[in-house]
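# Chain and residue survey
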Amino acid sequence: MRAETRAVVDQFWADLFGLTAEELHRPGTTAVQHAGLGDYPGIYVLMLGRSVIVSSPDKPSGEFTQVLGPSVHAYLDTVPDHRVDGIRQAAYGELGRLREVCGEAQWEESGFAEKPERCFVGDLDGQIVAASNLTPWRGAPADVGVLVDPAFAGRGLGTGVAAAAAADAVRTAGTARYRALETNTASLRIATRLGFTAYGRNLALKPQTG
């Protein structure tokens, strides 16, 4: 990751927390009230190098019993040198079967619940078995999400669709971002293969609903 890309990422986080870039990297823990997170009801934690930023709502409601993460954030500012035949762009409405076989938890984690406009898919035996998407980051479609039918895992299709999405993001937005749970080793391996640089982790705590 180039130094200028790292600076852009730092500025994104600094703006989100209402900090300067210097404050963002201050060693230790810095507690702030939500700035760019607005009315987000939970606590958001960023771990970046030796610094930990904890952002909380002005008026917390309830106990924070839902834990999301930790997730790894990774970035890419060069077009990945990876090609897989048969990858194509597809409409969101074509992904119903993939959603069914992967389940709602994976559907949401990979960003498809946001109804992304840009989707890239891999077909086998006449059906979509892998898909990636681009959701907004810094005002542009640059956040890569990946979903693979478990029955077709290990064939490189996840890497193929992720490469197509990442290439599109780099060409149009300059940088692609990739997020995955630390426990999702298969997804993180895809990011590594494509040359993404891990830079920061986050954790979210939300109040129980329902």
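Placed above this text is the structure.
This one's a predicted model, so the numbers in the text were calculated from it and none came from an experiment.

### Considering the overall build of the protein chain
Counting its regular elements, the protein chain contains six helices and ten strands. Expected size for 210 residues packed as a compact globule is a radius of gyration near 17 Å; at 18 Å, the protein chain falls within 12% of this value. Oriented by its inertia axes, the alpha-carbon framework of the protein chain measures out at about 50 × 45 × 25 Å. A burial count over the protein chain gives 44% of its 210 residues as buried. Taking the intrachain contacts of the protein chain between residues at least 6 apart in sequence as the baseline, contacts between residues at least 24 apart amount to 65%. When the accessible surface of the protein chain is split by element, carbon and sulfur atoms take 50% of a total near 10600 Å². Looking at the protein chain, you have 20 positive and 24 negative side-chain charges, and the mean spots of the two groups are 3 Å apart.

### Side note on the layout of surface pockets
Of the pockets and cavities examined, the largest pocket occupies roughly 1400 Å³. In terms of lining residues, the largest pocket is bounded by 50 residues, among which Glu108, Glu109, Ser110, Arg179 and Ala180 are the most central. A total of six residues in the lining of the largest pocket trace back to one element, the largest contributor, which is strand β8 (residues 140–148). Here the lining of the largest pocket is built from residues that sort into 24 nonpolar, 16 polar and ten charged.

### Overview of unusual backbone geometry
A cis amide bond, omega 5 degrees, links Gly69 with the succeeding residue Pro70. In this structure, Pro70 sits in strand β4 (residues 64–76). Positive phi values are uncommon outside glycine, yet Asp125 reaches one of about 55 degrees. For Asp125, the position within the fold is in the loop between β6 (118–124) and β7 (127–137). Note on Asp125: relative accessible area 71%, which makes it exposed.

### Some details on the environment of Ala165
Its location among the elements puts Ala165 in helix α5 (residues 157–173). Classification of Ala165 by relative accessible area gives buried; the value is 0%. Spatially, the C-alpha atoms of Ala165 and Leu134 are 6.5 Å apart, while their sequence positions differ by 31 residues. Discounting residues that sit within four places of it in the chain, Ala165 has contacts with Phe120, Ser132, Asn133, Leu134 and Val144.

### Focus: helix α6 (residues 185–193)
Turning to α6, its buried residues are Ser187, Ile190 and Ala191. Within α6, the buried residues cover an arc of 95 degrees as seen down the axis, which keeps them to one side. Exposed side chains of α6 directed beyond 90 degrees from the buried face belong to Thr192 and Arg193. Packing partners of the buried residues in α6 comprise β8, α5 and β9 (176–181). Once α6 finishes, Gly195 follows within two positions and takes phi at roughly 95 degrees, a positive value.

Reading the values: rules and limits
- Residues numbered from 1 in each chain as written.
- Predicted model: local features only at pLDDT ≥ 70, side-chain atom pairs only at ≥ 80, totals over all residues.
- Heavy atoms only, no water.
- Helix = DSSP H or I, 4+ residues; strand = E, 2+ residues; numbered from the N terminus.
- Rg over C-alpha atoms; globule rule 2.2 N^0.38 Å.
- Buried < 20%, exposed > 50% of the residue type's maximum accessible area, 1.4 Å probe, protein only.
- Contact = heavy atoms within 4.5 Å.
- Areas by Shrake-Rupley, 256 points an atom, 1.4 Å probe, with all protein chains shown as cover.
- Lys, Arg positive; Asp, Glu negative; His and termini not counted.
- Charge placed at Lys NZ, Arg CZ, Asp CG, Glu CD.
- 1 Å grid on protein atoms, 1.4 Å probe; cavity = no way out; pocket = protein on both sides within 12 Å on 5 of 7 lines; lining within 4 Å.
- Points joined across faces, edges and corners; volume = space filled by probe spheres on them.
- Nonpolar A, V, L, I, M, F, W, Y, C, P; charged D, E, K, R; others polar.
- Arc of directions from axis to C-beta.

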